[in-house]
Amino acid sequence: MFNFDWLSDVSQETAKMIFLCLYAVIGLLVLLLPNEYVYEGIAKEDRHWWNNLKLWSIAVLSILASIYNNF
Amino acid sequence: MLAGIDYFIVIAYIIGMLLLGLYFKKFVNSSEDYFLGGKSLPFWAIGMSIVVSDIGALDFVGVSGQAYRYGISVGNFDWVGSVPAMLLAAFIFIPYFWRGGMYTIPEYLGRRYNQKVRTIASVTWILFFALDLGVLFWASAVLLNVLMGWPIWISIVSTAGVVGLYTYFGGITAVIMTDVVQFVIMFIGGFALVFLSLYEVGGWDNMVEKIATMGPEYRNHFDIIQPQNTKSPFPWTGILFGLTFVMANAYMIGNQSIVQRCLTAKNEWHAKASMIFGSALKMFIPILVLFPGLMAVVVHPGLADGDQALPLMIKSILPPGLVGLMFAAFFAGLMSSVDSLLNSTATLFTKDIYEPFIKKGADDKHYLKVGQITTLVLLVIGVATSPISSDFPGIYVAIQTFMSYFQGPIFSILLLGIFWKRSTEWGGLSALVIGIGFAVYLNVFKEQFFTIEDPFLYISWWSFLLGVIINISVSSLTKKHTAEQLQGLVFSSKILSKNKNL
């Protein structure tokens, strides 16, 4: 049990898909955050798409997913 | 091994760091300035500082060595082992800590659970940081001695002198701003080695092709996901459960030296952005520390000790000038680790031990002085205890193992503390104590329980799980906290709305 023997039948490809699904779920959760919360600390007139932290997060997750997809 | 130009680069780097660090002395007028940089720092500086303080001189050699032995799966630690946890920290935990005006993680645990939990967590961190300081001095100095022929005591005294001076006077602002320069040096030195090594092996595709033909032991070298039954320490089950779910979160959310940096941000947006920016930079770290180890498989095949991979690559590939830059990068790794330990330990001691137990209600200048004196005392202890490492060669690994006992249980009480209102002070305290005890037990009898080489990922997962179970069980049987006691300490959907009072 301590060695996760019960998961020994899971192939490397399936395991990779589990990681990719995890990134997709995190990305979805990030997208669900209200914009007001994400921009908190920036004056309303200074809020632009480039300081939207949701976009930053999605960009980082996309790069991460592409690394796992390619290796 | 060093040429004249290399010495010039290294000495210019050390003097430059000292002057830059001392420049920030004029911004320190209160304890908030010293410990939280006056809450005035921008996200980019904090993000760079988080990344550079996470990678020391020893990591360059150690990770390259592991990449030589196990391949690209070592990169999991900076990829899946950082990014999800940093996003969770950015959007959930850091806003709570930042809005609560906290200085330390144990301070949150004290408010959420009780003073005992705060003290146990704080004392554990202080002990770890203080022990780590001396060991880090010695291990890095030995490494620099082997690599560059630099005398051990010159390395220790020059690092302690430079880092000690700017950390004593400039506090965390000096730590973070010098980290920015150290980050740039580290990236220039690291990328120079990677590009020249790539040229040496004839490009990426050529390297992959050559390694694939070197034998069955290299069959999985370019698989980031290793099978569950691998003999390496990185099966995918350990990476998912131990690293992604527990150790990464414990490190990014429960580590004082990481979180304290985010609390220096000028506003909540910068605090969140620093973590996300740091996660983007983190993805480059494997390129710097892992790729040279992979390329060494082609350039220097058949090494008995993988840790020789990076030193050999530096010696055989880098020209004069770039060797000096790489040496400066090692120094940068050492200095950024030491300044983080000094400032974080001084903060923990002053805020969690001195202020509540030794002298309550003193004026702010008094606590500023205590923080500075603690920094100095720690530095002296670090230098004085560093030779102990030569008598106990396994002490560095032992201290890191000691910390892995703590990661699972501390994350279990942080997670339930912020997401579950019903978690009580006795639930948190028993989960912490029993969880640490269970992790020690699993480690002592690891041959009986585990089949992989070094099961630290599995140990952190199972001790985390037990911590959660104990916390839920004991909390259900003990008196719950009132709504007033939990104000601003437990996750509420209100944090996602405009309600700044949580």
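- Naming follows an unreviewed UniProt entry, where chain B appears as Sodium transporter of marine sediment metagenome.
- Quoted verbatim from the Sequence similarities (unreviewed entry) field of UniProt, the annotation for chain B is "Belongs to the sodium:solute symporter (SSF) (TC 2.A.21) family."

## Some words on the interface of chain A and chain B
No. 1: Taken together, the contact between chain A and chain B spans 37 residues of the former and 50 residues of the latter.
No. 2: Between chain A and chain B the total buried area reaches about 3,900 Å² when both faces are included, carbon and sulfur atoms providing 76% of it.
No. 3: Ranking the residues of chain A by area buried against chain B places A:F2, A:Y37 and A:F71 at the top, with a combined share of 20%.
No. 4: Taken together, the links from chain A to chain B amount to zero salt bridges.
No. 5: On inspection of chain A and its partner chain B, the count reaches 10 residue pairs in polar contact (both at pLDDT 80 or more).
No. 6: Secondary structure elements with two or more residues in the side of chain A that touches chain B: α1 (12-32), α2 (35-38) and α3 (53-70) of chain A.
No. 7: Partitioning the side of chain A that touches chain B into residue classes produces 27 nonpolar, six polar and four charged.

## Quick notes on the side chain of B:Q256
Residues and elements named next belong to chain B.
No. 1: On the secondary structure map, Q256 appears in helix α11 (residues 256-262).
No. 2: With a relative accessible area of 1%, Q256 lands in the buried category.
No. 3: From its side chain, Q256 meets the backbone oxygen of Y103 in a polar contact 3.0 Å long.
No. 4: Setting aside anything within four residues of it in sequence, one finds Q256 in contact with Y103, T104, I105, P106, F129, S344, T347 and L348.

## Points about the side chain of B:S155
All names here are of chain B.
No. 1: As for its position among the elements, S155 is in helix α8 (residues 152-201).
No. 2: Residue S155 is classed as buried on the basis of its relative accessible area, which comes to 0%.
No. 3: Once residues lying within four places of it in the same chain are set aside, the contact partners of S155 are A141, L144, W150 and F331.

## What about the nonpolar core?
No. 1: Membership of the largest hydrophobic core comes to 196 residues, with the highest contact counts inside it found for A:Y68 and B:F97.
No. 2: Here this core gets 18 residues from one element, more than from any other, and that element is α8(B).
No. 3: Of the domains in this structure, domain 1 (2-390) and domain 2 (394-494) of chain B are the two that each give at least three residues to this core.
No. 4: Apart from residues no more than four positions distant in its own chain, B:F97 is found in contact with B:M102, B:I105, B:Y108, B:I253, B:V259, B:L263 and B:L414.

## Thoughts on the domain arrangement of chain B
Residue and element names in this part refer to chain B.
No. 1: For chain B, the domain assignment lists domain 1 (2-390) and domain 2 (394-494).
No. 2: Contacts between domain 1 and domain 2 engage 48 residues on the former and 48 residues on the latter.
No. 3: Across the domain 1 to domain 2 interface the summed buried area is about 4,100 Å²; carbon plus sulfur atoms make up 75%.
No. 4: Taken as a group, Y96, R112 and Y113 account for 18% of the area that domain 1 buries against domain 2, more than any other trio of residues on that side.
No. 5: Applying the counting rule to domain 1 against domain 2 returns 13 residue pairs in polar contact (both at pLDDT 80 or more).
No. 6: Within the residue set of the side of domain 1 that touches domain 2, elements represented by two or more residues are α4 (57-70), α5 (83-99), α6 (105-112), α7 (115-148) and α10 (236-254).

Cut-offs and rules
Counting restarts for each chain, with residues numbered from 1 along the sequence as it is written. Each chain is given a letter, starting from A, and each ligand a number, starting from 1, according to the order in which they appear as written. For a predicted model such as this one, the threshold for reporting local features is a pLDDT of at least 70, and the threshold for listing and counting side-chain atom pairs is 80 or more; totals across whole chains, interfaces and linings nevertheless cover every residue. Hydrogen atoms and water are omitted, and side-chain values are computed over all heavy atoms in the structure. UniProt positions are given in the numbering used here, feature names are shortened, and annotations may be inferred rather than shown by experiment. Here, two residues are considered to be in contact whenever any of their heavy atoms come within 4.5 Å of each other. Buried area: the accessible surface (1.4 Å probe) lost by two parts on joining, summed over both. By convention in these notes, a salt bridge is any Lys or Arg side-chain nitrogen within 4 Å of a carboxyl oxygen on Asp or Glu. We call two N or O atoms a polar contact when they sit within 3.5 Å, provided that within protein one can donate a hydrogen and the other can accept it, with sequence-adjacent residues counted only if both atoms are side-chain atoms. Numbering of helices and strands starts at the N terminus; helices are DSSP runs of H or I of at least 4 residues and strands are runs of E of at least 2. Under the convention adopted here, Pro, Cys and the residues Ala, Val, Leu, Ile, Met, Phe, Trp and Tyr are nonpolar, Asp, Glu, Lys and Arg are charged, and Gly plus all remaining residues are polar. Using a 1.4 Å probe on the protein chains alone, a residue whose accessible area is under 20% of its type maximum counts as buried, one over 50% counts as exposed, and one in between counts as partly exposed. To define a nonpolar core, start from buried Ala, Val, Leu, Ile, Met, Phe, Trp, Tyr and Cys residues and group those joined through side-chain atoms within 4.5 Å. Domain borders in the structure are assigned automatically or taken from a domain database.

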